[in-house]
Amino acid sequence: MELILETLGLAKSAELLSLSPPGWGGNLLRGLVNSLQIAFGAFGFGLIIGLFGASGKLYGGVVLRDLLAIYTTVIRAVPELVLILILYYVGTDLINQVSQALGYGRVEISGVVAGIWVLGIVQGAYATEVLRGAIQAVPTGQIEAARAYGMPPMLLMRRVTIPAMMSYATPGLANLWLIATKDTALLAIVGFSELTLETRQAASSTRAYFTFFLAAGALYLIVTLFSGVIFARIEKWARRGQPSLKGTGR
Amino acid sequence: MGKLMAMSDVAAKENQVSDAQSEAIRVTDLHKSFGALEVLKGVSLTAHKGDVVAIIGGSGSGKSTFLRCINFLETPSSGQIVVNGEEIQMRADGTPVHRKQIERIRTRLGMVFQAFNLWTHRTLLENVIEVPVYVLNVPRAAAIERAKVLLDRVGLGDKADTFPSFLSGGQQQRAAIARALAVDPSVMLFDEPTSALDPELVGEVLTVIRDLAAEGRTMLLVTHEMKFAREVATHVVYLFEGRIEEQGPPAELFGNPKSARLKQFLQTVG
């Protein structure tokens, strides 16, 4: 193994990327874990916002619909980097003001929580639109049948609308998840040590830019490939009961 | 013949006595407008237990709308609807006062749709147990047992684990009838159950409905199948432009129609 690396001229890179100091591999992996934690939280938070947002847009009153239209329009219009700066500083400022007003003094806000909050709000706007489209794609007859048999609205949502819309929503949600994993890199700007920031620090300390950014790229790629496998499974499950477009089976 | 008449007279008297108890559905002066278009212009109809009421009429006559108003899939504009002696509380604009009351009454009305409307992400068995288990809180094992009997009964016992999209229209509609039977409905509402089917599949669905009529199920049946209506119905209602133009026993209505419009209608549909 060492011989191979030696002959390929990669011995130096392997040393730099080693998991224990003086290698920086451990730092990169810690960054990746932080990134995934935020991506996961933000995606989940965004899904919850999206579900309520989509229901509100489809079934809500005029005021609620208008408010949601403003939310999705503004969030999707402003560049994410700007949103992150606004939401992060406004958010922490608001919390501190409230906490000081209550006499608790300044509070330290965890980077992970802030990241999830900020990216979750961004994701929520996109998820609202993905889920709204998916709900509208559910054949009205299936919802009507549920109503005709006396299903109350919440049960109908849980038992009919959500499972039936999953097949339409999965591709869009898979996109959102991948965007979430990469948007975590934007949090570097507020000093949160996710994968990109850790990589930059490692690279600038060692001057081995190529090695570290290539390694970070590989990590992002692995995440994407793994996500692809998971979402393919989810989609297969969501499309159960629907005849495949290819193949000869009816 | 005279004897028969006398017997039906007695039956009629008995009916009057036990009217309130034997009434399955009573609709009084039902109006329904979509915007400026008035689709139902005051329809009244009473179905007693065991009645099979066929509702016929041309397209746009309001027959489907009438059926859908009974379980409030469409909100009536005005009128009175009584199901099993319980009046649905309506506001002045026709909207129900209590959502819970509508939901409870809906579980007693098994509806069968023109387009089947089975839940495509669930197998036939799951479709049939869905309402008993999740709305009526029947224990799952009991619901499954009953669902299997019902699927057997409509000839789909071997398809319990198949998803609806893999079945023919006739099979899907028979499954939809099993789903309706699973709630043990006091009245079944059929909204043109064979209109979306290929001609060769109509028969298998009608056979199932015929069996249900024979066992004394109360049904309201909106249909284009005149021969079938004549055969199974105890009472036929002809709707024309949102009003009842003529009604009566099938033999009379089909054999000796009085209204010129009904005569013409029967000629065009053959």
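Parameters at a glance
- Residues numbered from 1 in each chain as written.
- Chains lettered and ligands numbered in written order.
- Predicted model: local features only at pLDDT ≥ 70, side-chain atom pairs only at ≥ 80, totals over all residues.
- Heavy atoms only, no water.
- Buried < 20%, exposed > 50% of the residue type's maximum accessible area, 1.4 Å probe, protein only.
- Helix = DSSP H or I, 4+ residues; strand = E, 2+ residues; numbered from the N terminus.
- Salt bridge = Lys/Arg side-chain N within 4 Å of Asp/Glu carboxyl O.
- Phe/Tyr/Trp six-rings, centres within 6.5 Å; stacked < 30°, edge-to-face > 60°.

Trainee: Can you walk me through helix α5 (residues 124-134) of chain B in this structure?
Mentor: In an α-helix, one turn spans 3.6 residues; hence positions three or four apart end up facing the same way. Counting buried residues in α5(B) gives 9 out of 11 residues, a clear majority hidden from the surface. Taken residue by residue, α5(B) has B:Leu124, B:Leu125, B:Asn127, B:Val128, B:Ile129, B:Glu130, B:Val131, B:Pro132 and B:Val133 as its buried positions.

Trainee: Explain the pattern of salt bridges to me, please; I cannot follow it from the model alone.
Mentor: For side chains bearing opposite charge, pairing can occur when the charged atoms are close. Residue and element names in this part refer to chain B. Within the structure shown, the criterion is met by 18 salt bridges over all chains. Put simply, Glu86 and Arg104 hold a salt bridge, and the shortest N to O gap is 3.0 Å. With a gap of 18 residues between them, Glu86 in strand β5 (residues 86-87) and Arg104 in helix α4 (residues 99-106) connect regions that are remote in the sequence. Judged by its relative accessible area of 27%, Glu86 falls in the partly exposed class. In this structure Arg104 comes out as partly exposed when scored by relative accessible area, which is 45%. One salt-bridge network, held together by shared partners, links Arg153, Asp184, Glu215 and Arg217.

Trainee: Would you take a moment to explain the packing of aromatic side chains for this structure?
Mentor: For any two aromatic rings, the description comes down to two numbers: the centre-to-centre distance and the angle of the planes. Taken as a whole and judged by the stated rule, the model has 4 aromatic pairs over all chains. Ring geometry for A:Phe43 versus A:Trp177: centroids 5.7 Å apart, planes at 70°, classification edge-to-face. Residue A:Phe43 is located in helix α3 (residues 25-59), and its partner A:Trp177 is located in helix α8 (residues 153-183); the two are separated by 134 residues in the primary sequence. Looking at A:Phe43, the relative accessible area reads 14%, which means it is buried. Since its relative accessible area comes to 9%, A:Trp177 is described here as buried. Judged by centre distance (5.1 Å) and plane angle (35°), the ring pair of B:Tyr238 and B:Phe265 falls under tilted. Here B:Tyr238, found in strand β9 (residues 235-240), pairs with B:Phe265, found in helix α11 (residues 260-269); they are 27 residues apart in sequence, far enough to count as distant.

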